[in-house]
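Coordinate analysis (summary)
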Amino acid sequence: MTRSQAPEMTQLQDQVALVTGAGRGLGAQIAHALADAGCRVAVADLDRGLAERVAGEIDKAGGHALPLVLDVADAAAARQAVERIVSHFGSLDILINNAGTDVTKPIDELALEEWDRVLAINLRGPFVLCKVALEALKRGDRGRGGQIVNVASTAAKRCWPNASAYHASKWGLVGLSHALHAELRPHGVRVSTLVAGGMRTPFLLDRFPGIDETKLQDPANVALAVRFLLTMPRESVIPELMVLPVQETSWP
């Protein structure tokens with residue numbers, strides 16, 4: 001195949017992306033990476049200050065961002081967020097379900113309320129966002145269909161002690177993603193799962209003081225993998241992609 005015959009990659013310029021959990025860590029890096037690619041970005045986070053900070057950084061760099069306060073497990077709030085995005089930008093082309101949480105406790109200490117909160121954010125949240133955004137995504141990318149990326153973890157591939165809720169939620173998220181891949185492709189909506197290994201983000205660094213950071217990866221690298229998924233030629237989709245630090249051993 002000559003260069004002139006090379007398949008056309010999907011262009012992200014002027015597409016509208018919603019990134020959840022975008023106030024810091026991987027979510028903030030994804031928001032910046034998509035803005036750098038020309039996307040207009042809805043920066044959603046439970047913390048208003050964090051959302052506004054990241055949106056401000058994008059605007060200052062010449063992009064266009066909309067900060068949103070969002071509890072991803074709240075269906076009414078999610079619906080309102082999608083409506084506001086479509087009203088503000090005119091469309092919604094990309095949904096990145098990145099928001100996540102964890103409670104590191106053995107099962108005999110894990111409260112039912114803690115289990116419910118982890119499942120609500122990590123599994124119910126992506127389902128809710130996919131459901132309320134679906135009609136907009138069907139019309140996305142100029143009527144050809146939008147894209148969904150669900151951010152999972154190596155915790156969906158291998159288990160360790162004291163993380164039962166997190167494992168259950170991430171294994172469930174991978175199942176949800178593959179089910180939606182099969183269900184939504186007739187509508188032109190491409191669904192991908194990103195399985196991320198350990199990153200140098202507050203999600204790990206704040207909870208595990210002394211963790212060996214040399215075994216973790218820069219979240220900006222993972223954000224580039226998300227951007228790559230979104231730029232695949234329209235006739236192809238990557239249902240699942242794993243991105244690991246070279247030195248990490250969480251998988252395999």
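Our subject is the structure that appears above.
As the structure is a prediction and not an experimental result, all values here were calculated from the model.

Attention now moves to the overall build of the protein chain. Helix and strand counts for the protein chain come out as 8 helices and 7 strands. Taking 252 residues into account, the globule formula puts the C-alpha radius of gyration at 18 Å, and the protein chain, at 17 Å, falls close to it. Projected onto the principal axes, the alpha-carbon positions of the protein chain cover approximately 55 × 45 × 40 Å. Out of the 252 residues in the protein chain, the part that is buried amounts to 50%. Considering only contacts within the protein chain whose residues lie at least 6 apart along the sequence, 69% involve residues at least 24 apart. Of the roughly 11900 Å² of accessible surface on the protein chain, 53% is carried by carbon and sulfur atoms. Put simply, the protein chain has 26 plus and 28 minus side-chain charges, and the middle of one group is 5 Å from the middle of the other.

Here the structure, examined in full by the defined rule, presents 10 salt bridges. Its salt-bridge partner being Arg 24, residue Asp 206 comes within 3.4 Å of it at the nearest N-O pair. Of this pair, Asp 206 sits in the loop between helix 7 (202-205) and helix 8 (219-230) while Arg 24 sits in the loop between strand 1 (16-19) and helix 1 (25-36), and the two are 182 residues apart along the sequence. Residue Asp 206 is classed as exposed on the basis of its relative accessible area, which comes to 52%. Lys 215 serves as the salt-bridge partner of Asp 212, at 3.2 Å between the closest nitrogen and oxygen.

Residue position: Ser 177 is located in helix 6 (residues 164-184). Accessibility expressed as a relative area gives 1% for Ser 177, which makes it buried. Separated by 32 residues in sequence, Ser 177 and Gly 145 have C-alpha atoms that sit 16 Å apart. Ignoring sequence-local partners within four residues, the contact set of Ser 177 consists of Asn 150, Val 191 and Thr 193.

At their nearest, the axes of helix 1 and helix 2 (residues 48-60) sit 10 Å apart, and the two run at 20 degrees to each other. Comparing the axis directions of helix 1 and helix 2 gives the class roughly parallel. For the crossing formed where helix 1 meets helix 2, the hand is right-handed. On the side of helix 1, the interface is formed by Ala 28, Ala 31, His 32 and Ala 35, while helix 2 contributes Val 54, Glu 57 and Ile 58. Counted by class, the contact of helix 1 with helix 2 contains 5 nonpolar, 1 polar and 1 charged residues.

With 21 residues, helix 6 ought to run about 30 Å at 1.5 Å a step, and its terminal C-alpha atoms sit 30 Å apart, in line with that. Among all positions in helix 6, only Ala 165, Tyr 166, His 167, Ser 169, Lys 170, Leu 173, Val 174, Leu 176, Ser 177, Leu 180, His 181 and Leu 184 are buried. Considering only its buried residues, helix 6 is in contact with helix 4 (112-138), strand 5 (147-153), strand 6 (190-196), helix 7 and strand 7 (240-243).

The subject of this paragraph is the sheet that holds strand 2 (residues 40-45). Read across the open sheet, the 7 strands follow the order 3-2-1-4-5-6-7; overall the sheet is parallel. The sheet is open, and its two borders are formed by strand 3 (65-69) and strand 7, each paired with just one other strand. Each neighbouring strand pair of the sheet contributes to a mean axis angle of 15 degrees, computed without reference to strand direction. Across 4 bridges, the pairing between strand 6 and strand 7 is parallel. Note that in strand 7 the partner of Leu 194 across the bridge is Leu 241. Each of strand 1, strand 2, strand 4 (94-97) and strand 5 is contacted by helix 1, which is oriented at about 175 degrees to strand 1, the strand it contacts most. The strands touched by helix 6 within the sheet are strand 5, strand 6 and strand 7, with strand 5 carrying the most contacts at an inclination of about 155 degrees.

Reading the values: rules and limits
- Residues numbered from 1 in each chain as written.
- Predicted model: local features only at pLDDT ≥ 70, side-chain atom pairs only at ≥ 80, totals over all residues.
- Heavy atoms only, no water.
- Helix = DSSP H or I, 4+ residues; strand = E, 2+ residues; numbered from the N terminus.
- Rg over C-alpha atoms; globule rule 2.2 N^0.38 Å.
- Buried < 20%, exposed > 50% of the residue type's maximum accessible area, 1.4 Å probe, protein only.
- Contact = heavy atoms within 4.5 Å.
- Areas by Shrake-Rupley, 256 points an atom, 1.4 Å probe, with all protein chains shown as cover.
- Lys, Arg positive; Asp, Glu negative; His and termini not counted.
- Charge placed at Lys NZ, Arg CZ, Asp CG, Glu CD.
- Salt bridge = Lys/Arg side-chain N within 4 Å of Asp/Glu carboxyl O.
- Axes fitted to C-alpha atoms, helices over the stretch in contact; angles between N-to-C directions.
- Parallel < 35°, antiparallel > 145°, perpendicular 65-115°, else oblique.
- Left-handed = near helix turned anticlockwise from the far one by under 90°.
- Nonpolar A, V, L, I, M, F, W, Y, C, P; charged D, E, K, R; others polar.
- Expected span 1.5 Å × (residues − 1).
- Pairing = 2+ DSSP bridges.

None of the figures reported here should be taken as evidence of function without further support.
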